[in-house]
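These are the residues of each chain, in order.
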Amino acid sequence: MILYIMCFFLFLVGVYGAITKRDLIKIILAIGIMGYSVNLFLVLLAYRTGALVPILKKGLNIPANMMVDPIPQALVLTSIVIELGVTALMAALAIRIYQKYDTFDITKIRRLQG
Amino acid sequence: MPVDIWLYFILGFMIIGSIACLEIKNILSSIITIGVVGLSLSLAFLFLGAPDLALVQFVFEILCMIILIRAFAKRSIEVRALQRDVPETIIAIVILASIFVLSIFAFKDMPSFGKPIVRVAERYLANAGVETGSQNIVTAVILNYRIYDTLGEITVLFTAILGTLTILRKTGRKKRHAE
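Note that the coordinates shown come from a computational prediction; the quantities given were computed from them, not determined experimentally. As a convention, each chain's residues are numbered from 1 in the sequence order in which they are written. Following the order in which they are written, the chains are lettered starting with A and the ligands numbered starting with 1. In view of the model being predicted, local features appear only for residues whose pLDDT reaches at least 70, and side-chain atom pairs are presented and counted only at 80 or more, with totals across whole chains, interfaces and linings using the full set of residues. Side-chain metrics rest on all non-hydrogen atoms present in the structure, leaving aside hydrogens and water.

Participant: Let's hear about the overall build of chain A: which residues, and what values?
Facilitator: Elements are defined by DSSP. Helices are runs of H or I of four residues or more, strands are runs of E of two residues or more, and each kind is numbered from the N terminus. Looking only at helices and strands, chain A has three helices and zero strands in total. N-terminal to C-terminal, the α/β element order of chain A is α-α-α. The size measure is the radius of gyration over C-alpha atoms, and the globule rule it meets is 2.2 Å times the number of residues to the 0.38 power. The C-alpha atoms of chain A give 20 Å as radius of gyration, which overshoots the globular expectation for 114 residues (13 Å, by more than 25%). Dimensions of chain A, computed from the C-alpha atoms along their principal axes, are close to 65 × 30 × 20 Å. Taken across its 114 residues, chain A has 55% of its residues classed as buried. Note on definitions: a residue-residue contact is assigned when non-hydrogen atoms from the two residues lie within 4.5 Å. Counting contacts in chain A only where the partners sit at least 6 residues apart, residues at least 24 apart contribute 48% of the total. The classification of residues rests on relative accessible area computed with a 1.4 Å probe and restricted to protein chains. Under 20% of the type maximum is buried, over 50% is exposed, and intermediate values are partly exposed.

Participant: So what about helix 1 (residues 3–23) of chain B? Which residues, and what values?
Facilitator: Given a helix with a known number of residues, its expected span is that number minus one, times 1.5 Å. Between its first and last C-alpha, helix 1 of chain B extends 30 Å over 21 residues, near the 30 Å set by a 1.5 Å rise per residue. Listing the buried residues of helix 1 of chain B in full gives Val3, Leu7, Ile10, Leu11, Gly12, Met14, Ile15, Gly17, Ser18, Cys21 and Leu22 of chain B. Elements that come into contact with the buried residues of helix 1 of chain B comprise helix 1 (2–20) and helix 2 (24–46) of chain A together with helix 2 (27–47) of chain B.

By themselves, these figures tell us nothing about what the structure is for.
As structure tokens, this is what we get:
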């Protein structure tokens, strides 16, 4: 259980960065940290003590209850790839904002404020 | 050593690394620090029995660092005052700490580490070799049982690439009256 709590703490560090930093780059990095912690949490849920990698070998019959749960791993694989696309998109938006306003400081980007 | 102890070490390292990443003033070092966090996540995947994920996370981290450094390293030489006002930060920390304390009660009800509830995957683990012919069961799940998920993933990735290209293109839409 302590591992889950540490993982959630990592998520909260990401949330802290996303809501208190003024720098757009720092906010992008904080969202990346949140993504890391969620991926790690899903894979932690899938682990089984003493279990093996879910790969079959010829001539070696591993029983089904001696392998790690493969479904969270497959879904996390999807999520990691999507995260790359999202990071690239956010970086592109930040570059455009910098070209238009000459700053990364979100309090100085006046027209985005409500 | 058991896996737990390695994971405590790696997770503590990741927490310290991410706090450092958020607090360092220099942007280049901060991007490199998040690279360190991601690579240690890849190591954690190796310990958790997910070598495919470890490889993908490794490649993701390298690409992510290349993208971020290419995008931001030149533009942020000046040192900025990064923090918001002090009262806002204190309010944020108090709220997050209360969420953290409440979450401890929630995590008590979860299945403990190392004893997952594996229901759907039992069938996959037992039959995947025969049904799909793939030796790697993660591959079997991605490319056979959950192929629609992969289709959706490719759609999302393609949309993100399209959005990036659209945002970053040099020439805007041509004006009609110029012709």
